[in-house]
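Here is what each chain is made of, one letter per residue.
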Amino acid sequence: MKRQTNYPFFILLLLCITFSAQAQDLKEAIATKQKALQTLIKKAEKKGIDVTKEKSTIRTAEICGQFADWDEKNIDRNEALFKKVKKYKEEARKTAEELPTFERNEILLMLEEGKERLSLALKGKISKQEVPIIDWSKTKIVGDDVMYNGQPVFLADYSWKPKTDYLTEYHGNLDGIFLSTRFLEDEKGTLKQRFKKDLINKPSGRIGTAFINHLSPPEWFTEKYPEASVGKRRYFDYDIDHPASKELVSLLFKEVIPHTKGKKYSSLGYMLANEPHWHTKAKSWDTGTVSDFTLQKFRNYLKEKHQNISTLNQVWETDYADFESVKVTIPMAGELQGTAVWYDWMRFNQLRGVEWFQFLSDEIHKYDPEGNTHIKIMPHLFSENTRDHGIDLEALTALSTVIGNDAGAVYSDMWQKKEPEWASKYYFDWRQMCMGYDFMKSVSPEKLVFNSEGHFISTIRFRELKMKPEYARATYWLATMLGLDVIQTWFWPRGEDGSLRKNSKGYAASLTQMPRVLNEITLTYMDMNANAELLTKIQKLRKPIRVFHSETSAINIDNHMDKEYHAYERFLFEGRAVGFVTEGILNTQPHQDWDVVVIEETPFMTVGERDALQSYLDKGGKIVMDKKSVLKDEYGQSLTALKAGKGILIIAQNSDEIQAKTLDLVAPTSLKISEENATSHKGCVWRYFEDEKKDKWVSIVNVGKSESTLKIDLPKGEESIKITDVITSETLQPTFKMQPLQVYLLKVSADQKGDL
């Protein structure tokens, strides 16, 4: 009987041999490329050319080569992880099998790019800037800057990255400590021995943060106060209004903070919470009920706000006998938005959050009066429409000493069923990042910005394995232009050998599978640090145009922030820093800090907000607004119309007129950039400052979908100009092109000789 051939097995064996041969070829090609780049590095060093970027590229290649080796041996594991990602679910096996080859090809490309760049420098066609080598243990915070050797620097690291020299030399070296109430053994405050030993023996170390965790309170606490879990949310396992919850956290701080006080590893601040939110709208994300403590606090709030029950009954259209009789159903039905009960509850929900964080801050400062604090706030809670989350970004930014956040950006969304509006104009969605940073820096211009969980590269909804490295440069650069100082990017789930840590959720199609993206982040930070003095000046630019923000309208109107986004968008691409004002900013900051306030489609505001605007006008302020704004208070009662007073009040007919009239009221720039592209929307965000020599230093990021043609002009009398790429020293013509995601840092000066 003739023996049958097992064809599937034979084909599988043949494929394995083919893949193995291909892998070996790629490894040899990488080794050859790496050797060629190292040869050029030696030549460049002899000529005094800075090669820090190329050395970092070689290290990134070595690291990612180990990652590819691990992925090659763990295809089944990677397949299982890719199946968890909607975008890759159908072809999880194919993606896992192709991953090592993809990674190695990316390594080859980045080595070749490094070789080409260094070859140009050796030929004198471009210059190489000196890149500062930062000792993270010797950095310090001065005002709103991180300083090293007397110069500002920007710092970048990755969540969960192992702290070995091999991985920290070029890829970040943040320090820190993890604090949790679960380390308390009893209500006397006894710390678990292992944690106490580590805490006491931990050296001051490097610049870092203290992560305060509010999950998994100790068993003795939950047994004694089982009701303290009512009202918990995703990152909070206890009720913030329960007295015992405050006692528990106070106990932790009393025992721990005397040991962390003044340490380098906590200098970026105590992170008061991880992505806090208390959604209370029915069918909202992570929504839920609240405790009786919270409901009683709400009744007390209503009594303080309305003073008597008849006033509450009038605006609520109810007939309660007294405040103790008031009842609300939580989660609250979305149909109630726009009513008095909706406004009062949602505003109260924000205020109780502010009270909680004020308590945390005060408790910390009992034991560490000079300690910094920050909160990992999700900026989309500000920039998007929803307002049932209990987060007042203005109050929490003012309350903390460092501006904390986890801002991100995306250019796709695998959960979204229809194309979003931004996608017709821009390469990526910059809304939460730009609006968030400009708002927070308007509230607290003197504070450092720390993104402790950066989501530019991946989120739950956003994964792109074949991401363009240019996207990484564009997002990190733009964020830095708008104020970002330190970032810890999400995330680095691998060990030094490439193996995955136990919790690898979110790993598939994320950063450590993208060698060129990882390399580009490193190179971008080296370029930014070589020019940190220039970029910090751009960060600190006065914001002459201010969009008025009202939480009142945001709470009452289901799409208010869409309208505010468009009001902000109209000025983002005009070369001037854009900011925000609120009642609080109008009442506490010098009005000279801006030229004009824009109010667009903001019908609801409190009497206090309206009066702050009127006071601003009475002192000579300038407002451009539409007829749809400043109409009603939070309960729909008519407001007194604004009057010009000693100032200027322009009522525009439409958005275009608002933009034109506003720009007319702003001092003209000493440099103009016109833009043409294939769409009807500008795509280049640019900012500049002028030094004492009248030279202009310009930072530009093209966030648009298409190539843009830019033309730079100086005032009349300076018709001949010289434009230099600061990073490469190459000369540009006054009219030049920028591809989507391209970044430029330029020096623009009058060329007296007319030599372009």
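Note that the coordinates shown come from a computational prediction; the quantities given were computed from them, not determined experimentally. (Residues numbered from 1 in each chain as written. Predicted model: local features only at pLDDT ≥ 70, side-chain atom pairs only at ≥ 80, totals over all residues. Heavy atoms only, no water.)

**Some points on the side chain of Arg 516**
Considering the arrangement of structural elements, one finds Arg 516 in helix α16 (residues 515-530). By relative accessible area, Arg 516 is classed as buried at 18%. Within the structure, Arg 516 has its side chain in polar contact with the side chain of Glu 113 (distance 2.9 Å). Contact partners of Arg 516, with chain neighbours within four places excluded, come to Glu 106, Leu 109, Met 110, Glu 113 and Pro 469. (Helix = DSSP H or I, 4+ residues; strand = E, 2+ residues; numbered from the N terminus. Buried < 20%, exposed > 50% of the residue type's maximum accessible area, 1.4 Å probe, protein only. Polar contact = N/O pair within 3.5 Å; in protein donor to acceptor, adjacent residues only side chain to side chain. Contact = heavy atoms within 4.5 Å.)

**Concerning the packing of aromatic side chains**
All chains considered together, the criterion is met by 44 aromatic pairs. Ring centres of Tyr 411 and Tyr 471 lie 4.9 Å apart, and the angle between their planes is 75 degrees; on these two criteria the pair is classed as edge-to-face. On the criterion of sequence distance, the pair formed by Tyr 411 in the loop between β9 (403-405) and α14 (431-443) and Tyr 471 in helix α15 (residues 469-481) is long-range, its members being 60 residues apart. For Tyr 411, a relative accessible area of 17% gives the class buried. The exposure class of Tyr 471 is buried, given its relative accessible area of 0%. (Phe/Tyr/Trp six-rings, centres within 6.5 Å; stacked < 30°, edge-to-face > 60°.)

**Brief notes about the packing of α14 against α15**
Where α14 meets α15, the closest approach of the two axes is 9 Å, and the angle between their N-to-C directions is 15 degrees. Judged on the interaxial angle alone, α15 and α14 are roughly parallel. Crossing angle aside, the handedness with which α14 passes α15 is right-handed. For the pair formed by α14 and α15, the contact residues are Met 433, Cys 434 and Tyr 437 on the first element and Thr 475, Leu 478 and Ala 479 on the second. Residues of the contact of α14 with α15, tallied by class, amount to five nonpolar, one polar and no charged. (Axes fitted to C-alpha atoms, helices over the stretch in contact; angles between N-to-C directions. Parallel < 35°, antiparallel > 145°, perpendicular 65-115°, else oblique. Left-handed = near helix turned anticlockwise from the far one by under 90°. Nonpolar A, V, L, I, M, F, W, Y, C, P; charged D, E, K, R; others polar.)

**Quick word on the sheet that holds strand β4 (residues 155-158)**
As summarised here, the arrangement of the four strands in space is β4-β11-β10-β9, forming an open sheet in which the pairing is parallel. Edge strands, defined here as strands with exactly one partner in the open sheet, are β4 and β9. Neighbouring strand axes in the sheet, compared pairwise and without regard to direction, differ in orientation by 15 degrees on average. (Pairing = 2+ DSSP bridges.)

**Focus on α14**
Its 13 residues place the ends of α14 18 Å apart at the C-alpha level, agreeing with the 18 Å of an ideal helix rising 1.5 Å per residue. Where burial is concerned, most of α14 is hidden: 13 out of the 13 residues are buried. (Expected span 1.5 Å × (residues − 1).)

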